[in-house]
Amino acid sequence: MKMLDDIAFENANLIEKLSGIGYWKFDVKNRKFYYSQQMCQILGVKKTASNLKKYLPLKDYKKLIANFGRLLRYGEKNTQDVKFIRSDKSVIYCRVNACLIKEKNIICGTLQDITEFVNIKAQLIKARNEAENLSREKSFFLAQASHDLRQPLYALKLYLDLLQPKNFTKQQWKLWENINKSSDSLKYLLENVLDLSKLDYGGTKVFKTNFNIGMLISDLGREFKHTAECQDLTLEYVICNCLVCSDAFLVERILRNLLSNAFKFADKKVSMFCHEHKQKLIVEVKDDGIGIAPQDKKYIFDAFYQGQNVRDNNIEGMGLGLTIVKRIATVLHIKISVTSKPNKGTSFKLFLPKAAVKH
Ligand SMILES: Nc1ncnc2c1ncn2[C@@H]1O[C@H](COP(=O)(O)OP(=O)(O)O)[C@@H](O)[C@H]1O
Ligand SMILES: [Mg+2]
């Protein structure tokens, strides 16, 4: 009759074969390795190879030994992916799991051939890098093209200005106004595409410094006061005297975009505040306008997306402003949050890192 241990051993062999996972143990006292049949098969050896060094690149071997040391000291189980050079010199990648059986002074574990997985991962990384390079090249091309297109466009604007509509008939005047409007839209679109492609191919340089956010807010506040007066709106801004660490020019671009949106949608009032919260300085740009429809909220940062409010009310725009805001915020590692209630208004918050205090 078979002993229980024999059955367990036979079953273990079967399980190993079916799963393709080998088993090994290391007798710490006698410094001896034991490999299971499956383990021998994976490594291409006939029996336990006591000198593992022969089968591993030095770097992986050292890491494996260091892991064993940690296991003996702290008893944590660990996992490591290593490169093996089999006896027929073919290279395979294996995942080694190890744990310590303290009372027996044994380290034991499993070994799984993950070569296929490693190769697929390498192919995916290569494909992703190629796609990223292609996308960067495309963005670079777009940036170049839109930059070159700006020159004739600026010339067109100049000629349009020179062509004063003094002696125009009503019909000619209308035509001149339409051409002027179209060239303004084209200029706006080109500038935004240029900004976006620059951000995409990494052409936007970031210069982080410590700067006073209060000064930036009061400068913008003074400038936008005029816009407020023209639109019969109130602009309220509250400044704080706080240093933040970021790129002042890019933060200003974000705030300008948020302010121009707020002015586009406000009913009576636009406000800009800042306040400190833990390690962050929060700048809030708020309006009391129609708000963003709940179904639009998750798309407003997408390129060329225009919300229901814009479509319903025929408000001008291209849907690129917030895309630029989002890309700049990503480059600067700044979080942006949006809250909006239909017909109550919208608030955008910018979480800027406060400058480190020097002691
Ligand atoms: N303050 C706001 N109030 C209401 N809707 C807003 C506000 N800001 C942005 N939106 C919505 O987000 C959309 C995208 O904004 P944005 O990317 O800035 O477009 P654009 O470049 O045309 O100004 C807008 O079409 C609008 O629906
Ligand atoms: Mg906008």
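Nothing here was measured: the structure is a model prediction, and the numbers come from that model.

1. Considering the domain arrangement of the protein
Partitioning the protein into structural domains gives domain 1 (4–113), domain 2 (131–201) and domain 3 (209–353). Here domain 2 and domain 3 have C-alpha centroids that lie 25 Å from each other. Facing six residues of domain 2, the contacting portion of domain 3 comprises seven residues. Taken together, the residues of the side of domain 2 that touches domain 3 break down into four nonpolar, one polar and one charged.

2. A short note on the site of ligand 1
In the vicinity of ligand 1 there are 22 residues, among which N261, G307, G317, G321 and L322 approach most closely. Elements with a contribution of two residues or more to the shell around ligand 1: α7 (248–265), α8 (308–313) and α9 (321–332). Per-class residue counts for the shell around ligand 1 are nine nonpolar, 11 polar and two charged.

3. Some words on the nonpolar core
With 35 residues, the main nonpolar core has I254, L258 and L352 as its most contacted residues. When residues of this core are traced back to their parent elements, those giving at least two are α5 (170–201), α6 (213–230), α7, β9 (269–277), β10 (280–287), α9 and β12 (345–353). A per-element tally of this core places α7 first, with eight residues. Residue assignment places this core across two domains, with domain 2 (131–201) and domain 3 (209–353) each supplying three or more. Apart from the residues within four sequence positions on either side, L258 is in contact with V285, V325 and F348. Judged by nonpolar contacts, the second largest core, of 10 residues, contains I42, Y55, F84 and C94.

4. A short note on the pairing of β12
On a regular strand, one side chain projects to one face of the sheet and the next to the other, so that they alternate. Relative to β12, β10 is paired through eight bridges, and the arrangement is antiparallel. Looking at the pairing, K286 lines up with S347 of β12. In this structure, strand β11 (residues 335–341) lies alongside β12, joined through seven bridges in antiparallel fashion. Among the inter-strand pairings, V338 is bridged to a residue of β12, identified as F348. The hairpin turn running from β11 into β12, its antiparallel successor, is three residues long, and N343 in that turn takes a positive phi close to 65 degrees.

5. What about the sheet that holds strand β3 (residues 78–85)?
If you trace the five strands from one edge of the open sheet to the other, you get β2-β1-β5-β4-β3, paired in antiparallel fashion. Of all the strands in the sheet, the pair left with one neighbour each is β2 (32–35) and β3. Within the sheet, the average angular offset between the axes of one strand and its neighbour, ignoring direction, is 25 degrees. Where strand β1 (residues 21–27) meets strand β5 (residues 106–113), seven bridges bridge the pair, whose relative direction is antiparallel. What sits directly across from I21, in β5, is Q112.

Calculation rules
- Residues numbered from 1 in each chain as written.
- Chains lettered and ligands numbered in written order.
- Predicted model: local features only at pLDDT ≥ 70, side-chain atom pairs only at ≥ 80, totals over all residues.
- Domains from an automatic or database assignment.
- Contact = placed C-beta atoms within 7 Å.
- Nonpolar A, V, L, I, M, F, W, Y, C, P; charged D, E, K, R; others polar.
- Near = placed C-beta within 6 Å.
- Helix = DSSP H or I, 4+ residues; strand = E, 2+ residues; numbered from the N terminus.
- Core = buried A, V, L, I, M, F, W, Y, C linked by C-beta atoms within 7 Å.
- Buried ≥ 20, exposed ≤ 12 C-beta atoms within 10 Å, placed from the backbone.
- Pairing = 2+ DSSP bridges.
- Axes fitted to C-alpha atoms, helices over the stretch in contact; angles between N-to-C directions.

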